[in-house]
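Spelled out from the first residue to the last, the chains are:
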Amino acid sequence: MTTTDPLAPFQWLNVSESSGGGALGTIFSVAFFRGLAPAEVVRRFSRGEDSGQESDFGGLDDKAYEFVTETGGGDGGGHVGVFQAGEWCVAVEPHGWMATLHEVVTELSRGCEVLAVTRHDYAAEHSFEYAIDGTVVTGYRLRHPYERYGSASDRLNGFMRELGMGLDEPEGEAAWDAAWEDNYSTAVPRAFALAAKVTGVSFTPDMLTRPMLVGPIVER
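Residues numbered from 1 in each chain as written. Predicted model: local features only at pLDDT ≥ 70, side-chain atom pairs only at ≥ 80, totals over all residues. Heavy atoms only, no water.

Engineer: Got a sec to walk through the overall build of the protein chain? Specific residues and values, please.
Structural biologist: Of regular secondary structure, the protein chain possesses 6 helices and 8 strands. If you list the helices and strands of the protein chain from N to C, you get β-α-β-α-β-β-α-β-β-β-α-α-α-β. A principal-axis box enclosing the C-alpha atoms of the protein chain has dimensions of 50 × 40 × 40 Å. Partitioning the intrachain contacts of the protein chain with sequence separation of at least 6 by distance along the chain shows that 63% fall at a separation of at least 24. Accessible surface, the protein chain: about 10,000 Å² in total, of which carbon and sulfur atoms supply 48%. (Helix = DSSP H or I, 4+ residues; strand = E, 2+ residues; numbered from the N terminus. Contact = heavy atoms within 4.5 Å. Areas by Shrake-Rupley, 256 points an atom, 1.4 Å probe, with all protein chains shown as cover.)

Engineer: Summarise the sheet that holds strand β4 (residues 88-94); cite the residues concerned and give the values.
Structural biologist: Strand order across the open sheet formed by 8 strands is β2-β8-β3-β4-β1-β5-β6-β7, with antiparallel pairing between neighbours. Where the open sheet ends on each side, the last strands, each with one partner, are β2 (53-55) and β7 (135-141). Between one strand axis and the next, the sheet turns through 20° on average, direction left out of account. In this sheet, strand β6 (residues 127-132) lies alongside strand β5 (residues 113-120) in antiparallel orientation, the contact comprising 6 bridges. Bridge pairing in β6 places Glu113 opposite Ile132. With respect to the sheet, helix α6 (residues 187-199) is in contact with β1 (27-34), β4, β5, β6 and β7, its orientation differing from that of β5 by roughly 170°. (Pairing = 2+ DSSP bridges. Axes fitted to C-alpha atoms, helices over the stretch in contact; angles between N-to-C directions.)

This is how it looks when you write it as C-alpha cells:
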C-alpha cells in the first residue's frame, strides 16, 4: 500500500541556504486572504497608498532585492506580490516577515480572514498566524507547535495532529531533544501543509509563474 507524504509538495520551501535556498530563499512570508480582492490586499499592505502594478515574480523579486540592498535588510523586502487562487488571494513577500507580525496581521485581517507563514532562518523565528477580523485565532512558532496562542489556540489541533505535530509540551530533557529534532527540519513544510488544509490552497512552485499585482509595504 502506497502512502503519500503530505509534506512532499512543500519541501521546495525548505531548501537550505547551502543548497541555494530555493526560489524564495531563506527569508520570506506567504499570506492567504479570504474576503479581499488582490488590489485591496495590496492597498492594505501599502496602507492605502498603492493598488499594485501588474508584474511577475521576477519583477517582484527584483524590487525586493533592490529594497534590501538600499536598506541593509533590516526592514524586510519592502514589497508584496498578490494573485487570486480560488476563494483566496495569495500574497508573497520575498525577504520579508511583516505578514506574521502581530500588529500587522491583526490590521490586515480586519473584515476578512488571513493565514500567514514566515520562514526566517536567521532570526530562527519561523512563524504561523491565523487571524479573523482583527483577532489572532491561532498562532505558533513553527518549531514549537506545543506553544500555541490566540483566541482559539486549539482550533487547528486536528489538522496539526494529522501532520504529525506534537501538541503537548515535552517533559524531560530527552523529550525536549526529541521534539527539537522532529521539528527542526519539518517545521516549514508542515506549516504550509497546515495552511493548505485550512485554506484549500497548496502553495506550489507553479504559483510563482502567475501574473500578480505588486506594491510596496508601508511600515506600521
